[in-house]
Number of protein chains: 2
Amino acid sequence: MTAPATTRGRLVRAASELLEEAGYATASVAAIAERAGLATGALYRHFPSKAELFVEVFRNVAEAELVAMESAAERSSGFEERLAAVIRTYATSALRNRRLAWALVYEPVDPLVDAERLAYRRRYCAGMADLLREGVRTGAIPEQDVEVAAAAVVGAIAEALVGPLSPLPGGAQSEPAIVAAIVGFCRGAIGLTAGSRGKESTS
Amino acid sequence: MTAPATTRGRLVRAASELLEEAGYATASVAAIAERAGLATGALYRHFPSKAELFVEVFRNVAEAELVAMESAAERSSGFEERLAAVIRTYATSALRNRRLAWALVYEPVDPLVDAERLAYRRRYCAGMADLLREGVRTGAIPEQDVEVAAAAVVGAIAEALVGPLSPLPGGAQSEPAIVAAIVGFCRGAIGLTAGSRGKESTS
DNA sequence: TTGATCTGTGAATCCCGATTCACTAGCCTG
DNA sequence: CAGGCTAGTGAATCGGGATTCACAGATCAA
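The rules behind each value
- Residues numbered from 1 in each chain as written.
- Chains lettered and ligands numbered in written order.
- Predicted model: local features only at pLDDT ≥ 70, side-chain atom pairs only at ≥ 80, totals over all residues.
- Heavy atoms only, no water.
- Helix = DSSP H or I, 4+ residues; strand = E, 2+ residues; numbered from the N terminus.
- Buried < 20%, exposed > 50% of the residue type's maximum accessible area, 1.4 Å probe, protein only.
- Contact = heavy atoms within 4.5 Å.
- Areas by Shrake-Rupley, 256 points an atom, 1.4 Å probe, with all protein chains shown as cover.
- Domains from an automatic or database assignment.
- Buried area = accessible area lost by both parts, 1.4 Å probe.
- Salt bridge = Lys/Arg side-chain N within 4 Å of Asp/Glu carboxyl O.
- Polar contact = N/O pair within 3.5 Å; in protein donor to acceptor, adjacent residues only side chain to side chain.
- UniProt positions renumbered as here; feature names shortened; annotations may be inferred.
- Phe/Tyr/Trp six-rings, centres within 6.5 Å; stacked < 30°, edge-to-face > 60°.
- Lys NZ or Arg CZ within 6 Å of the ring centre and 35° of its normal.
- Near = heavy atom within 4 Å.
- Nonpolar A, V, L, I, M, F, W, Y, C, P; charged D, E, K, R; others polar.

In the annotation of an unreviewed UniProt entry, the entry for chain A reads TetR/AcrR family transcriptional regulator, and the organism field reads Actinomadura yumaensis.

### Some thoughts on the overall build of chain A
Of the regular secondary structure elements, chain A holds nine helices and zero strands. Secondary structure elements in chain A, listed N-terminal to C-terminal, are α-α-α-α-α-α-α-α-α. Across the 203 residues of chain A, 49% fall into the buried class. Partitioning the intrachain contacts of chain A with sequence separation of at least 6 by distance along the chain shows that 62% fall at a separation of at least 24. Here chain A has roughly 9,000 Å² of accessible surface; of this, 55% comes from carbon and sulfur atoms.

### Focus on the domain arrangement of chain A
Residue and element names in this part refer to chain A. As far as domains go, chain A holds domain 1 (1-47) and domain 2 (54-201). Taken together, the contacts link 14 residues of domain 1 with 14 residues of domain 2. Roughly 1,100 Å² of surface becomes buried between domain 1 and domain 2 when both sides are summed, with 64% attributable to carbon and sulfur atoms. A per-residue breakdown of the area domain 1 buries against domain 2 is headed by Leu-19, Glu-20 and Tyr-24, which together make up 57% of the total. Taken together, domain 1 and domain 2 are joined by one salt bridge. Two residues, Glu-56 and Arg-8, come together in a salt bridge whose shortest N-O distance is 2.6 Å. Viewed at the interface, domain 2 and domain 1 are joined by three residue pairs in polar contact (both at pLDDT 80 or more). Sorting elements by how many residues they give to the side of domain 1 that touches domain 2 places helix α1 (residues 7-22) first, with eight residues.

### Focus: the UniProt feature "domain: HTH tetR-type" (unreviewed entry) in chain A
Per the UniProt record, the feature "domain: HTH tetR-type" (unreviewed entry) sits at residues 5-65 of chain A. Taken end to end, residues 5-65 of chain A is 75% helix and 0% strand, and its first and last C-alpha atoms sit 23 Å apart.

### With respect to the packing of aromatic side chains
Residue and element names in this part refer to chain A. In this structure the tally under the stated criterion is four aromatic pairs over all chains. For the ring pair Tyr-24 and Phe-54, a centre distance of 4.7 Å and an interplane angle of 65° mean the geometry is edge-to-face. Of this pair, Tyr-24 sits in the loop between α1 and α2 (29-35) while Phe-54 sits in helix α4 (residues 50-75); the two residues are 30 residues apart in sequence, bridging distant segments of the chain. Here the two residues Tyr-24 and Phe-54 agree in accessibility, since each one is buried. Just above the ring of Tyr-24 sits the side chain of Lys-50; from NZ or CZ to the centre is 4.8 Å.

### Some points on the protein's contact with DNA strand C
What surrounds DNA strand C is a group of 14 residues, the closest being Tyr-44 and Lys-50 of chain A together with Ala-39, Arg-45 and His-46 of chain B. At 2.9 Å, a backbone N or O of Val-29 of chain A approaches a phosphate oxygen of DNA strand C. A distance of 2.7 Å separates a phosphate oxygen of DNA strand C from a polar side-chain atom of Tyr-44 of chain A. Elements represented by at least two residues in the surface near DNA strand C include exactly α3 (40-46) of chain A together with α3 (40-46) of chain B. A per-element tally of the surface near DNA strand C places α3 of chain B first, with five residues.

### A short note on the protein's contact with DNA strand D
Not every one of the 14 residues close to DNA strand D is listed here, only the nearest: Ala-39, Arg-45 and His-46 of chain A together with Tyr-44 and Lys-50 of chain B. Among the atoms of DNA strand D lying within 4 Å of the protein, the sugar-phosphate backbone contributes 56%. Arg-45 of chain A places a side-chain nitrogen or oxygen 2.5 Å from a base oxygen of DNA strand D. Within the backbone of Val-29 of chain B, an N or O atom sits 3.0 Å from a phosphate oxygen of DNA strand D. Counting residues per element, the ones that place at least two in the surface near DNA strand D are α3 of chain A together with α3 of chain B. No other element matches the five residues that α3 of chain A contributes to the surface near DNA strand D. Within the surface near DNA strand D, the residues separate by chemical class into five nonpolar, seven polar and two charged.

### Regarding the pattern of salt bridges
For side chains bearing opposite charge, pairing can occur when the charged atoms are close. The final tally for this structure, using the stated rule, is 22 salt bridges over all chains. The partner of Arg-59 of chain A in a salt bridge is Glu-116 of chain A, and the shortest N-O contact between them spans 3.3 Å. With Arg-59 of chain A in helix α4 and Glu-116 of chain A in helix α7 (residues 111-138), the pair connects residues that are 57 residues apart, well separated along the chain. Its relative accessible area of 19% is what places Glu-116 of chain A among the buried residues. A salt bridge links Arg-133 of chain B to Asp-130 of chain B, with the shortest nitrogen-to-oxygen separation between them at 3.2 Å. Here the residue Arg-133 of chain B and the residue Asp-130 of chain B both occupy positions in helix α7 (residues 111-138), the gap between them amounting to three residues, near one helical turn. Assessed through its relative accessible area of 37%, Arg-133 of chain B is described here as partly exposed. Assessed through its relative accessible area of 46%, Asp-130 of chain B is described here as partly exposed. Several salt bridges converge on common partners, so that one network encompasses Arg-13, Glu-17, Glu-21 and Arg-35 of chain A.

What follows is the structure, encoded as structure tokens:
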């Protein structure tokens, strides 16, 4: 986000940008190096392989994402607010950059990078499970299988936001509306009273 | 499922099997041909490319899946039963063969094959949206954004079942329990009263 | 029987992107 | 300034899998 002072930093930056713009597949070593203003060989002075470079890219992005969600959770108090804040944070960020979100969640990558992504998802899912557990403990939501519920919540958000079926491509809707619909969906899903469910009037 | 009478059929069969067993990446032309008892070149007598072969494979599997779900829906009456039947059908089949389900939903494939997969998901999602719309119309579930809800339901199921975070790999649970948890989750998600939510007792 | 067409063979070829490597340029240190 | 280090160059190499192709056998119609 700030200054890619070092060459290494510029490479990471270039790789991130290409990932955002055109996906992992298009982010060839040649392209990355060129964008960083280097020749292909130089990349290997800084990373043992393309995969390792992307491990770092993924780690960066994922870390930032997780931090944002954690701080969002801390900023709000009470189970319901926390849940909404976490979902909204993720949803908003994913919506801001769909391609990146897609790469982070679904896009095919080397096994090495995949491991990183998996770790990220696990942490995200674990965090969600913790949150749900808290809700169950305090009686905010009914007894339930929090592991499955957490996975399902994560999946629901991901699919609704970045999946190939996501609403925008087809029947355009405003982003806030989508986010609201998702929050409502998830609330109901885990047993909170529903509140608004996105669409107020029959269209 | 029945007789791979024609050579073409044997190729499709072989490709499906390899897809199930080890995924798209491992299903090289050489491997497919070998399993079908042919030399690599022969494949090209029947399909213009590997991708086109897999388009057919995907189409077959997806078609069967959709038919199964439709017939499940028709066999049951009333919104709640229909919904449960559809989810249970999908969940059960995915659980029976996770690898295939994964390939069908997430695994990296050529653009050509991807288009086929996308079409399949769209149809599935559209079906779900129709079902939800019916629910809204009959008053079984509250007014809501059925498009987003349908996508979220599909995503929740997929993630909970075949996603890398899915419960089985880690903390083993019985399949029926997972299916039940998912059905409960989805019921709540769209605004049905929850009923059982999978876990009856605090573990 | 002849030859035309179809199906199959499998080694050779192509393609394409990651990786290597011989070499250059700047820079610090004694 | 020589020697040694780091950073960088970009063409050549490598690897792996899809695709092609020159060459059979088999079948069938005339």
